[in-house]
Amino acid sequence: AAHRLREAAARSDSVPEGIPAYFVESLQFPYVEGLAFVLDAFKSGGWKALDAVHANPPISTEEILRPDRYRLRVAQGKSVPEPQTTQADGELVTVLGEFHWSLLLGEYVGEGWGLDRVVIRRGKHGVTVLAETSWDSPNDAREYSEAIAALLERKKAKNVRTVTVGTKVLAAWGSDAKAIASFVKKK
């Protein structure tokens, strides 16, 4: 059933021309992938399994896309705080997650997602983005670093800086060169 749902969602004949794919897929995600996650849980244990999911919901889009990772975290008793999005004084702090990195950079890149924290600052001279990401392996980190650098080059982003250390990647770009240099240097 989940396979047919994904096939139906992939059809673009019902989407008005000119609507960005990112917008469409972001709106479809909770309905398509969320339902697939719920169906997977139900198939694995019926209503009892759904009650357990309700008591301990997924903490990231990665767990929705990969229910085996959700089950592993729950089985290991790991408690991870739910990511918080905050907004104040021209600054947004959020978590993008595997789903959004996959949409932006390609599914093969997003598959290695571990964690992220993205700060978007709006200043008098424009917008600056500071992204701190963790990946499942050094190879996943390298793939992300190369993909984000290529995207930012295509978009002609200003003041791009990236640093990769093991499985962590810092990527920063935008109008505030001083904040970018400080962000990349301090980590």
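Computed from a predicted structure; not experimentally measured.

**Side note on the pairing of strand S6 (residues 168-174)**
Turning to step 1, where the next piece is worked out: Here S6 lies mainly inside the structure; 6 of its 7 residues are buried.
Turning to step 2, where the next piece is worked out: Strand direction decides the pairing type here: strand S4 (residues 126-135) and S6, joined by 7 bridges, are antiparallel. Opposite Leu-130, over in S6, you have Ala-172 as the bridge partner.
Turning to step 3, where the next piece is worked out: When strand S5 (residues 161-165) meets S6, the two strands line up antiparallel, connected through 5 bridges. Across the sheet, residue Val-163 finds its bridge partner in S6, namely Leu-170.
Turning to step 4, where the next piece is worked out: Taking the residues that link successive antiparallel strands as the turn, the S5-S6 hairpin has 2 residues, and the phi of Gly-166 there is positive, at about 65°.

**Let's talk about the packing of helix H2 (residues 21-55) against helix H4 (residues 67-75)**
Geometrically, a packed helix pair is captured by the angle between its two axes and the distance between the axes.
Turning to step 1, where the next piece is worked out: Closest axis-to-axis distance for the H2/H4 pair is 11 Å, and the angle between their directions is 30°. The pairing of H2 with H4 is recorded here as roughly parallel in orientation. In this structure, the crossing between H2 and H4 has a hand that is left-handed. Of the residues in H4, those touching H2 at Phe-37, Asp-40, Ala-52 and Val-53 are Pro-67, Tyr-70 and Arg-71.
Turning to step 2, where the next piece is worked out: Residues belonging to the contact of H2 with H4 are distributed by class as follows: 5 nonpolar, no polar and 2 charged.

**Side note on the side chain of Thr-133**
Turning to step 1, where the next piece is worked out: Note that Thr-133 resides in strand S4.
Turning to step 2, where the next piece is worked out: For Thr-133, a relative accessible area of 0% corresponds to the buried category.
Turning to step 3, where the next piece is worked out: Within the local environment of Thr-133, its side chain forms a polar contact with the side chain of Trp-135, the two groups lying 2.7 Å apart.
Turning to step 4, where the next piece is worked out: Not counting chain neighbours up to four residues away, the residues in contact with Thr-133 comprise Trp-101, Leu-115, Asp-116, Tyr-144, Thr-167, Lys-168 and Val-169.

**Things to note about the pairing of strand S2 (residues 91-94)**
Turning to step 1, where the next piece is worked out: As judged from the 3 bridges shared by strand S1 (residues 86-88) and S2, these two strands associate in the antiparallel manner. Pairing of Thr-86 across the sheet is with Val-93, part of S2.
Turning to step 2, where the next piece is worked out: Where S2 and strand S3 (residues 113-123) come together, 4 bridges link them in antiparallel fashion. By the bridge assignment, Leu-92 is partnered in S3 with Ile-120.

Procedures and definitions
- Residues numbered from 1 in each chain as written.
- Predicted model: local features only at pLDDT ≥ 70, side-chain atom pairs only at ≥ 80, totals over all residues.
- Heavy atoms only, no water.
- Buried < 20%, exposed > 50% of the residue type's maximum accessible area, 1.4 Å probe, protein only.
- Helix = DSSP H or I, 4+ residues; strand = E, 2+ residues; numbered from the N terminus.
- Pairing = 2+ DSSP bridges.
- Axes fitted to C-alpha atoms, helices over the stretch in contact; angles between N-to-C directions.
- Parallel < 35°, antiparallel > 145°, perpendicular 65-115°, else oblique.
- Left-handed = near helix turned anticlockwise from the far one by under 90°.
- Contact = heavy atoms within 4.5 Å.
- Nonpolar A, V, L, I, M, F, W, Y, C, P; charged D, E, K, R; others polar.
- Polar contact = N/O pair within 3.5 Å; in protein donor to acceptor, adjacent residues only side chain to side chain.

So, to be careful, I would describe these as geometric facts and stop short of saying anything about function.
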